[in-house]
Amino acid sequence: MSKVYFIPIHTHDHGQISAAARRLLEYIVEKENIVLEAEIPIKTHFGEKGNRTYIKPENYNGIIDYLKESNRDDRFLETSVLYGGKRFERTSHLALAAEHGFTALPVEIADGANGEEQYQTEVNLKHFRYCSIGKAFERYRQVLVLSHFKGHALAGFGGAIKQLSMGFASKGGKLAMHMNVRPRIRKWLCKRCGMCLSRCQAGAITLGKSPKIDQSKCLGCGACFSVCRHHGVSIWSWKGLVNAMFKGKFFREKLVEYAYGASLNKQHIFINFALNITRGCDCEPLPMKPCINDIGIFASLDPVAIDRACCDAAAAAGKKFAGTEQLAYAEKIGLGSNSYELITLD
């Protein structure tokens, strides 16, 4: 049985929330005898342009102060997204992070300028043999994973598991989870510049009169799609859209497998902020209203247990989120446990 530590929150005061988050981190480090690495980055979500309910950076100040006082080298780590918008590539993503106030630490986009930098973790599971993770995460044995617990259209809910999976994945990894298709070259748009060719690790691309991607060699990493500035590489297909829209169960299992891949040989610490709990994700570029009252902040070394505790608390508060079957699959493959002891700090 895993331990989940909890502090209830009934205030919107950033100072009190920040102090509670710091206390939880200090407490779990002491009680679980955690040895913090010399370098421990913070993985979080900066909120999409137009979103208002993402967890604000002021709520992380206590955690940042604690790491600095412990002489840890820290930074914010994020990855680029698959769809368009400010978070699609590094330059505009960094600008958005600054605009939203994430300036207390350096910010690094883990999968490079366009989402093409990645490393592979071998998982050998139902949907994936390998997972494509943002390259910068390979440097770190331990990441402080800060998640906003809320709803999500496809996943049902978003918490530690989604932050580990979609949040750690390179752009190609996101493509694999969402659509399970390999990119193709749109010949009428291809300028034969060779950028995609230079990024293909599998030698699957040929140019010339009839540029194409050899589907038998393609890894589906998405690097060619990420770097093509002429829109000559397409990831869209009817098969992919059907997979994305109607196979929610498989999508959730894929999330879990990527979370497993992002956790292999790592000692991450998880903190979930069950505040501003909305039906939609922070990736949605529009203002949203909370669907239930704030609950509090949770911390654990087990991503399954902390998400289960958040889902249970949300259900008790009047909102039962879909997608909890992913937690059973997560336990089945060894990501964590659905059994937990909730320890409430006074």
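About the criteria used
- Residues numbered from 1 in each chain as written.
- Predicted model: local features only at pLDDT ≥ 70, side-chain atom pairs only at ≥ 80, totals over all residues.
- Heavy atoms only, no water.
- Helix = DSSP H or I, 4+ residues; strand = E, 2+ residues; numbered from the N terminus.
- Rg over C-alpha atoms; globule rule 2.2 N^0.38 Å.
- Contact = heavy atoms within 4.5 Å.
- Lys, Arg positive; Asp, Glu negative; His and termini not counted.
- Charge placed at Lys NZ, Arg CZ, Asp CG, Glu CD.
- Buried < 20%, exposed > 50% of the residue type's maximum accessible area, 1.4 Å probe, protein only.
- Axes fitted to C-alpha atoms, helices over the stretch in contact; angles between N-to-C directions.
- Parallel < 35°, antiparallel > 145°, perpendicular 65-115°, else oblique.
- Phe/Tyr/Trp six-rings, centres within 6.5 Å; stacked < 30°, edge-to-face > 60°.
- Lys NZ or Arg CZ within 6 Å of the ring centre and 35° of its normal.
- Salt bridge = Lys/Arg side-chain N within 4 Å of Asp/Glu carboxyl O.
- Polar contact = N/O pair within 3.5 Å; in protein donor to acceptor, adjacent residues only side chain to side chain.
- Arc of directions from axis to C-beta.
- Pairing = 2+ DSSP bridges.

**Regarding the overall build of the protein chain**
Right, so step 1: Scanning the protein chain from N- to C-terminus turns up 11 helices and 16 strands.
Right, so step 2: Here the C-alpha atoms of the protein chain give a radius of gyration of 20 Å, agreeing with the 20 Å that 2.2 N^0.38 yields for 346 residues.
Right, so step 3: Viewed in the frame of its principal axes, the protein chain has a C-alpha envelope of about 70 × 40 × 35 Å.
Right, so step 4: Long-range pairs, those at least 24 residues apart, make up 77% of the contacts in the protein chain between residues at least 6 apart in sequence.
Right, so step 5: The average position of the 46 basic charges and that of the 34 acidic charges among the side chains of the protein chain differ by 12 Å.

**So, the environment of Ile 269**
Right, so step 1: Within the secondary structure layout, Ile 269 lies in strand 14 (residues 269–274).
Right, so step 2: Not counting residues up to four positions away in its chain, the partners in contact with Ile 269 are Leu 25, Ile 28, Ile 34, Leu 36, Ile 40, Gln 142, Val 143, Leu 144, Val 145, Ser 300 and Leu 301.

**With respect to helix 5 (residues 171–178)**
Right, so step 1: Most of helix 5 sits out of view: seven of its eight residues are buried.
Right, so step 2: Among the residues of helix 5, those classed as buried are Lys 171, Gly 172, Gly 173, Lys 174, Leu 175, Ala 176 and Met 177.

**Overview of the packing of helix 1 (residues 14–31) against helix 2 (residues 61–69)**
Right, so step 1: In contact at an axis separation of 6 Å, helix 1 and helix 2 are set at 45° when each is read in the N-to-C sense. Classified by the interaxial angle, the pair formed by helix 1 and helix 2 is oblique. For the pair helix 1 and helix 2, contact is made by Ser 18, Ala 21, Arg 22, Leu 25, Glu 26 and Val 29 and by Asn 61, Gly 62, Ile 63, Asp 65, Tyr 66, Leu 67 and Glu 69, respectively.

**Comments concerning the packing of aromatic side chains**
Right, so step 1: On inspection of all chains with the given rule, the structure shows 12 aromatic pairs.
Right, so step 2: Arranged with centres 4.8 Å apart and planes meeting at 55°, the rings of Phe 46 and Phe 102 form a pair that is tilted. You can see Phe 46 sitting in the loop between strand 2 (42–43) and helix 2 and its partner Phe 102 sitting in the loop between helix 3 (90–99) and strand 4 (107–109), a full 56 residues away along the chain.
Right, so step 3: In this structure Phe 46 comes out as buried when scored by relative accessible area, which is 0%.
Right, so step 4: Of the aromatic side chains, those joined through ring pairs into one cluster are Phe 46, Tyr 54, Tyr 60, Phe 76, Phe 102 and Phe 273.
Right, so step 5: Stacked on the ring of Tyr 54, the Lys or Arg Lys 56 has its end atom at 4.3 Å from the ring centre.

**Quick look at the side chain of Asp 282**
Right, so step 1: Summarising the element assignment, Asp 282 is placed in the loop between strand 14 and strand 15 (296–300).
Right, so step 2: Although Asp 282 lies buried, it forms no salt bridge, and the closest oppositely charged side chain, Lys 150, sits 4.4 Å away as judged by the N-O distance.
Right, so step 3: In this structure the side chain of Asp 282 is engaged in a polar contact, spanning 2.9 Å, whose partner is the side chain of His 148.
Right, so step 4: Not counting residues up to four positions away in its chain, the partners in contact with Asp 282 are His 45, Gly 47, Glu 48, Asn 51, Thr 53, Tyr 54, Ile 55, His 148 and Lys 150.

**Focus: helix 3**
Right, so step 1: The complete set of buried residues in helix 3 reads Ser 92, His 93, Leu 96 and Ala 97. For helix 3, the buried positions fall inside an angular range of 145° around the axis, keeping them on one side.

**So, the pairing of strand 1 (residues 2–8)**
Right, so step 1: Of all the seven residues making up strand 1, five are buried; the element is thus mostly covered by neighbouring parts of the structure.
Right, so step 2: The sheet contact formed by strand 1 and strand 15 spans five bridges and is antiparallel. What sits directly across from Val 4, in strand 15, is Ser 300.

**A look at the pattern of salt bridges**
Right, so step 1: Going through the model one piece at a time under the given rule, you end up with 13 salt bridges.
Right, so step 2: A salt bridge links Arg 141 to Glu 37; the nearest nitrogen and oxygen atoms lie 2.8 Å apart. You can see Arg 141 sitting in the loop between strand 6 (130–134) and strand 7 (144–148) and its partner Glu 37 sitting in the loop between helix 1 and strand 2, a full 104 residues away along the chain.
Right, so step 3: In this structure, Glu 253 engages Lys 126 in a salt bridge whose closest nitrogen and oxygen atoms are separated by 3.1 Å. Placement of the pair is Glu 253 in helix 9 (residues 248–263) and Lys 126 in the loop between strand 5 (118–122) and strand 6, with a sequence separation of 127 residues.
Right, so step 4: Each of the salt bridges in this network shares a partner with another, and the network as a whole consists of Lys 43, Glu 48, Glu 78 and Arg 87.

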